[in-house]
Amino acid sequence: MTPLVSRLSRLWAIMRKPRAAVGSGHRRQAASQEGRQKHAKSNSQAKPSACDAYAGMIPKCPGAPAGLARQPEEVVLQASVSPYHLFRDVAEVTAFRRSLLSWYDQEKRDLPWRRRAEDEVDPDRRAYAVWVSEVMLQQTQVATVINYYTGWMQKWPTLQDLASASLEEVNQLWAGLGYYSRGRRLQEGARKVVEELGGHMPRTAETLQQLLPGVGRYTAGAIASIAFGQATGVVDGNVARVLCRVRAIGADPSSTLVSQRLWGLAQQLVDPARPGDFNQAAMELGATVCTPQRPLCSQCPVQSLCRARQRVEREQLLASRSLSGNPDVEECALNTGQCQLCLPASEPWDQTLGVVNFPRKASRKPPREESSATCVVEQPGALGGAQILLVQRPNSGLLAGLWEFPSVTWEPSEQLQRKALLQELQRWAGPLPATRLRHLGEVVHTFSHIKLTYQVYGLALEGQTPVTTVPAGARWLTQEEFHTAAVSTAMKKVFRVYQGQQPGTCKGSKRSQVSSPCSRKKPCMGQQVLDNFFRPHISTDASNLNSAAQ
């Protein structure tokens, strides 16, 4: 054995010594539990312990002893994460599982997707029901999802039903839920299962992620554990927060290193006997108790295992000078600014935050700002009532396939803006009376990465023969049809501004972030310029519109 390998062997032995018995015991316990549970038959992979996590990440070196293999600098990198942030004891893991599941059995919310998962006998229908709920719950609150989920499952109770639906129907039901590509990918996945997989959902997290479009690591793990009983951990925002606090991980959870650690912890903790319930319990804890800003620590079932809570108590004792000498409270052995999971040195402990110190998230990049001009065109309906013009967005990109009022990119000049908007309107509806185009106000709507300001215009076609034919990609709808069509929340805000400016009404909506000229003491500068520009120039006949728009 070479001197280098000999030194590395001794270092590895030192790193393994406190945990060696724990790792083997954990594997034995997992194996015995799997043997006792019939519905855990899909759990063919042994769950890694803390010791296994180290060993599994270390590639073999030629000539090195078993269990040892890593270049010296990689060993140092591995050692820079303190065991303080891990679960090193079988008793700890067992206590965590038992406490969390006992709490979940008593406190879990009664949600429609949970009832379906529990009552559904057919595994494919059960997996489909879980899949729909998990996709809807991404970036969306539970209270908002409940009605959408119920309506969706009533309309398309099986994969086959969804696969046969049109994208227009999917967008229509999804309208208002946000992140519209989710619905489209869900339907794409259903069609793939029906057309290419014989109508059967993949049974493992690995194949779910590999075969279904839009299904990532979290969604695959949730479906596999809840629907098929696979012992695979999951990490969403709620679970990440719980794990960061329980193990005092203060670094940014979105970083690659921290994310890998969190997934490792989730896999180590998941109960092989009740993997689906355990994962839902961890998410439930983060959603209802271990919340981002005002956690209810006194109601937490795992508070005795929470290192963040222990840190708070320690800091309180130190602040009251009740602790002297070396307090018998465990802390990170590498708490010297070198540990990659501790609070960053640039953001030290804040006494006022308590457990909310964990984790510290990197500041989010603000959404980019964009502006657009959009126009509500209204004409008398053939059977009475009014109709409004909608056009369909492209099948890719933001709000793909949804319907909207004709819109153009905002121009810096009012004259150019009006000209561009009239050209767009003429493309869909033919010659229009230009003088009736009015600026009504603005709407600000923030998407995930874009803050979009709509300058809202209106054009009422009164006293004219209704337009009955329009190009493909456009349609006239009644107001009732508009409210049930596949339109975005932003367009509904725009329409509220238009409605508020009709004779006898003036409805400013603070909640919708809209403003309009009638809600101000005097017309905005844009409206004044617009009025001054068009009053002396434009005649009322439609023929002048053609020349003005060219």
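Higher on the page you've got the structure.
Computed from a predicted structure; not experimentally measured.

Enquirer: Sorry, what's going on with the packing of aromatic side chains here?
Expert: Each aromatic ring pair is characterised by the separation of its centres together with the angle its planes make. Applying the stated criterion across every chain, the model contains 10 aromatic pairs. Seen in terms of ring centroids, Trp113 and Tyr149 are 5.3 Å apart; in terms of plane orientation they differ by 80 degrees. Their pairing is edge-to-face. Placement of Trp113 in helix H6 (residues 112-119) and of Tyr149 in helix H8 (residues 142-155) is noted, with a sequence separation of 36 residues between them. Per residue, the accessibility class of Trp113 equals that of Tyr149, and both read buried. Positioned above the aromatic ring of Phe87 is the side chain of Arg247, whose terminal nitrogen or guanidinium carbon lies 4.0 Å from the ring centre. The side chain of Arg475 reaches across the aromatic face of Trp403, ending 4.0 Å from its centre.

Enquirer: Before we go on, may I ask you to explain the packing of H6 against H8 in this structure?
Expert: The angle between the axes and the distance between the axes are what describe a pair of packed helices. Where H6 contacts H8, the two axes come as close as 9 Å, and the packing angle between them is 50 degrees. By the criterion of interaxial angle, the relationship of H6 to H8 is oblique. Contacts between H6 and H8 involve Pro112, Trp113 and Arg116 on the former and, on the latter, Val142, Val145, Ile146, Tyr149, Thr150 and Met153. When grouped by side-chain class, the residues that make up the contact of H6 with H8 number seven nonpolar, one polar and one charged.

Enquirer: Would you mind showing me how to read the pattern of salt bridges here?
Expert: In a structure, side chains of opposite charge can pair up when their charged atoms sit close to one another. The tally for this structure, following the rule as stated, stands at 18 salt bridges. Of the charged contacts, one joins Arg309 and Glu313 as a salt bridge, the two residues approaching to 3.9 Å between their closest N and O atoms. Of the two residues, Arg309 and Glu313 both sit in helix H17 (residues 307-319), four residues apart, roughly one turn of that helix. Overall, Arg309 belongs to the partly exposed group, its relative accessible area being 28%.

Enquirer: Help me out: how do you make sense of the layout of surface pockets in this one?
Expert: Rolled over the atoms, a probe with the dimensions of a water molecule shows which regions are left empty. Quantified by volume, the largest pocket comes out at close to 1,700 Å³. If you go around the largest pocket, you meet 46 residues; those closest to its centre are Gln139, Asp236, Gly237, Asn238 and Arg241. Mapped by element, the contributors of at least two residues to the lining of the largest pocket are H6, helix H7 (123-137), helix H13 (217-228), helix H14 (237-246), helix H15 (256-269) and helix H16 (275-288). Residue contributions to the lining of the largest pocket peak at five residues, all from H14. In the lining of the largest pocket, the residues fall into 21 nonpolar, 15 polar and 10 charged.

Enquirer: When you look at the environment of Gln187 in this model, what are you seeing that I'm missing?
Expert: Position of Gln187 among the secondary structure elements: in helix H11 (residues 181-196). For the pair Gln187 and Leu167, spaced 20 residues apart in the sequence, the C-alpha separation amounts to 7.8 Å. Residues within four places of Gln187 in sequence aside, it is in contact with Leu162, Ala163, Ala165, Ser166, Leu167 and Val170. Separated by 2.5 Å, the side chain of Gln187 and the backbone oxygen of Ala165 make a polar contact.

The rules behind the values
Every chain is numbered on its own, with residues counted from 1 as its sequence reads. Totals for whole chains, interfaces and linings use all residues, but because this is a predicted model, local features are given only for residues with pLDDT of at least 70 and pairs of side-chain atoms are given and counted only at 80 or more. Calculated side-chain values reflect all of the structure's heavy atoms, with hydrogen atoms and water omitted. Only centres within 6.5 Å qualify two rings of Phe, Tyr or Trp (six-membered ring in Trp) as a pair; their planes then separate them into stacked at under 30 degrees, edge-to-face at over 60, and tilted for everything else. What counts as a helix is a DSSP run of H or I of at least four residues, what counts as a strand is a run of E of at least two, and both are numbered from the N terminus. Only protein chains enter the accessibility calculation, which uses a 1.4 Å probe. A residue is then buried if its area is under 20% of the maximum for its type, exposed if over 50%, and partly exposed in between. A positively charged side chain is recorded as over a ring if its NZ (Lys) or CZ (Arg) lies within 6 Å of the ring centre. The angle to the ring normal must also be within 35 degrees. In this description, a line fitted to the C-alpha atoms serves as the axis of each element, helices being fitted only across the stretch in contact, and the angle between N-to-C directions of two axes falls anywhere from 0 to 180 degrees. Roughly parallel here means an angle under 35 degrees, roughly antiparallel means over 145, roughly perpendicular means 65 to 115, and every remaining angle is called oblique. Pairs of residues are marked as contacts when any of their non-hydrogen atoms sit within 4.5 Å. Under the convention adopted here, Pro, Cys and the residues Ala, Val, Leu, Ile, Met, Phe, Trp and Tyr are nonpolar, Asp, Glu, Lys and Arg are charged, and Gly plus all remaining residues are polar. Salt bridge, as used here: a side-chain nitrogen of Lys or Arg that lies within 4 Å of a carboxyl oxygen of Asp or Glu. Within this scheme a cavity is a closed region of a 1 Å grid, computed over the protein atoms alone, that accommodates a 1.4 Å probe without allowing it to escape, whereas a pocket is open but has protein on both sides within 12 Å along at least five of seven lines; lining residues each have an atom within 4 Å of a point. Grid points are joined across faces, edges and corners, and a volume is the space filled by probe spheres set on the points. Under this definition, polar contacts are N or O atom pairs within 3.5 Å; protein pairs additionally need one hydrogen-donor-capable and one acceptor-capable atom, and for neighbouring residues in sequence, both atoms have to be side-chain atoms.

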